[in-house]
Amino acid sequence: MTSLDLHKRRTAAVARGVSSVISSYVDHASGGTLVDVDGQEWVDFASGIAVTSVGNSAPRVVAAVREQVERFTHTCFMVAPYELYVSVCETLNAVTPGELEKRSALFNSGAEAVENAVKIARHATGRPAVVVFDHAYHGRTNLTMALTAKNMPYKHRFGPFAGSVYRVPMSYPLRDGLSGAAAAARALDIVATQIGADNVAAILIEPIQGEGGFVVPAPGFLPTLATWAREAGAVFIADEIQTGFCRTGSWFASSHESVVPDLITLAKGIAGGLPLAAVTGRADLMDAVHVGGLGGTYGGNPVACAAALASVETMRELDLAGAARRIEASMVGRLRALADRDPRIAEVRGRGAMIAVEITVPGTLEPDPLTTAGVSAECHRRGLLTLTCGTYGNVLRFLPPLVIDDETLSRGLGILESAFEATA
Ligand SMILES: Cc1ncc(COP(=O)(O)O)c(C=O)c1O
């Protein structure tokens, strides 16, 4: 069956609202490439949106999943508990930033983790307001749509949305030129005047924004917000769903600025491609919720838990945080050289294996989503799987698996360079 045949079946069977970046259908995939059903190989700069950090079908993950599937597939932790769930929580409490007493709870998707972090923060503080940022992305459920900034395609005609959500400006060095402290003061002034510190349950922020454009806040922005939250009795929640698990060259992106979040939301890279998510954080906050107040049928499914433990072992054994830093060094060098030749690239930014280029009309900051889509489509024609992002759709982002080998990474960058040249 070819991709064309599958596309015809899809059109007749799958809801139109569920879209795909490419129209080729995957046959198999490994640590840096996908092969489609037509036999074409793709260099993978997407990792299924920052999920397969340990690679697709990583050996340890496959072995752990196989073994667990044969033992039992589901009992529901809320009905009949099992060790794997406890082990994953112990592991998360140990690997996340901060030497404090922590607890974790497991869920299925990133959006569900964010919803639960907000529930916990509201319950623990007895306050309603949640502060979020321009360009933020936190998911597609009702509360997380309210927390997400961008209308199209995430929110358009899906309202009304959940209340008590307040949006403030993000630090966006390319566009605002502000220091971290000045950008934080701008945001906190709005919190003080429009919400009131005493009403704030939580500040929720991605340490590096994902879907919003790989926006890296100016140094000092995150620590200033975290300090403010501590002094105001509000909960500082870091959404590390895209940045977590070695992606940015550190186990968690908060650590680049020595920030210890009160709660962290986790998903994506946690389990080598199996659906698992978590909230990890301060024991006093997590345990504030009454018995039975958190849960769900599938949260912490044993097969996903086995995959998570195997993924974390793989990250440790292969030093994938170090691998992400090496990817950054190769990528940023080549991309900066490309930016010197191509005035459409306004900025190369990101950390580790979470790197992007922002594309604008040359000599201006006017976003150029058409060129961005054109370059991305050209990459696809040449066998490189890239993704776009950004509020204006003018950011091309690169999220290779952290286990990608040097040759494949270099081949992908070569395709990218040739796609820019072909569309100049
Ligand atoms: C920072 C962040 N938060 C939340 C989510 C939502 O995760 P999920 O798609 O698993 O619900 C995403 C997904 O892209 C994300 O990047």
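Residues numbered from 1 in each chain as written. Predicted model: local features only at pLDDT ≥ 70, side-chain atom pairs only at ≥ 80, totals over all residues. Heavy atoms only, no water.

**Concerning the sheet that holds strand 5 (residues 129-133)**
- In space, the seven strands of this open sheet follow the order 4-10-9-8-7-5-6, with mixed pairing throughout. Where the open sheet ends on each side, the last strands, each with one partner, are strand 4 (102-107) and strand 6 (165-168). In this sheet, neighbouring strand axes are inclined to one another by 20 degrees on average, regardless of whether the strands run parallel or antiparallel.
- Looking at chain direction, strand 9 (residues 263-266) and strand 10 (residues 277-282) are connected through four bridges and run antiparallel. The partner of Leu 263 across the bridge, within strand 10, is Gly 281.
- Helix 9 (residues 221-232) contacts strand 5, strand 7 (200-205) and strand 8 (235-239) of the sheet and is inclined by roughly 165 degrees relative to strand 7. (Pairing = 2+ DSSP bridges. Helix = DSSP H or I, 4+ residues; strand = E, 2+ residues; numbered from the N terminus. Axes fitted to C-alpha atoms, helices over the stretch in contact; angles between N-to-C directions. Contact = heavy atoms within 4.5 Å.)

**Concerning the site of the ligand**
- The full set of residues close to the ligand is Ser 109, Gly 110, Ala 111, Tyr 137, His 138, Gly 139, Glu 206, Glu 211, Asp 239, Ile 241, Gln 242 and Lys 268.
- Here Ala 111 contributes a backbone N or O atom positioned 2.8 Å from an oxygen atom of the ligand.
- Lys 268 has a polar side-chain atom sitting 3.0 Å from an oxygen atom of the ligand.
- In isolation the ligand offers 390 Å² of accessible surface; the protein chains occlude 83% of this area.
- When its residues are assigned to classes, the shell around the ligand shows three nonpolar, five polar and four charged. (Near = heavy atom within 4 Å. Polar contact = N/O pair within 3.5 Å; in protein donor to acceptor, adjacent residues only side chain to side chain. Areas by Shrake-Rupley, 256 points an atom, 1.4 Å probe, with all protein chains shown as cover. Nonpolar A, V, L, I, M, F, W, Y, C, P; charged D, E, K, R; others polar.)

**With respect to the pattern of salt bridges**
- Within the structure shown, the criterion is met by 18 salt bridges.
- Arg 175 serves as the salt-bridge partner of Glu 358, at 2.6 Å between the closest nitrogen and oxygen. Residue Glu 358 is found in strand 12 (residues 354-359), and its partner Arg 175 is found in helix 7 (residues 173-176); the two are separated by 183 residues along the sequence.
- Looking at Glu 358, the relative accessible area reads 0%, which means it is buried.
- Between Asp 262 and Arg 282 there is a salt bridge, and its shortest N-O distance comes to 3.0 Å. With Asp 262 in the loop between strand 8 and strand 9 and Arg 282 in strand 10, this residue pair connects regions lying 20 residues apart in the sequence.
- Classification of Asp 262 as buried rests on a relative accessible area of 9%.
- Counted as one network, the salt bridges with shared partners bring together Arg 175, Glu 347, Arg 349 and Glu 358. (Salt bridge = Lys/Arg side-chain N within 4 Å of Asp/Glu carboxyl O. Buried < 20%, exposed > 50% of the residue type's maximum accessible area, 1.4 Å probe, protein only.)

**Comments concerning helix 13 (residues 369-381)**
- Taking 1.5 Å per residue as the helical rise, helix 13 with its 13 residues ought to reach 18 Å, and the 18 Å between its terminal C-alpha atoms agrees with that figure.
- Restricting attention to buried positions, one finds in helix 13 the residues Thr 371, Thr 372, Val 375, Ser 376, Glu 378, Cys 379 and His 380.
- Close packing links the buried residues of helix 13 with strand 3 (41-44), strand 12, strand 13 (384-385), strand 14 (387-389), strand 15 (395-398) and helix 14 (406-422). (Expected span 1.5 Å × (residues − 1).)

**Some words on the sheet that holds strand 12**
- Ordered in space as 11-12-15-14, the four strands form an open sheet in which the pairing is antiparallel. The sheet terminates laterally at strand 11 (345-351) and strand 14, the two strands that pair on one side only. Across the sheet, the mean angle separating the axes of adjacent strands is 25 degrees when strand polarity is ignored.
- Examined bridge by bridge, strand 12 and strand 15 share four bridges and lie antiparallel to one another. Its bridge partner lying in strand 15, Ala 356 is registered against Arg 397.
- Contacts from helix 13 reach strand 12, strand 14 and strand 15, with the element oriented near 35 degrees to strand 15.
- Docked against the sheet, helix 14 engages strand 11, strand 12 and strand 15, running at close to 165 degrees with respect to strand 15.

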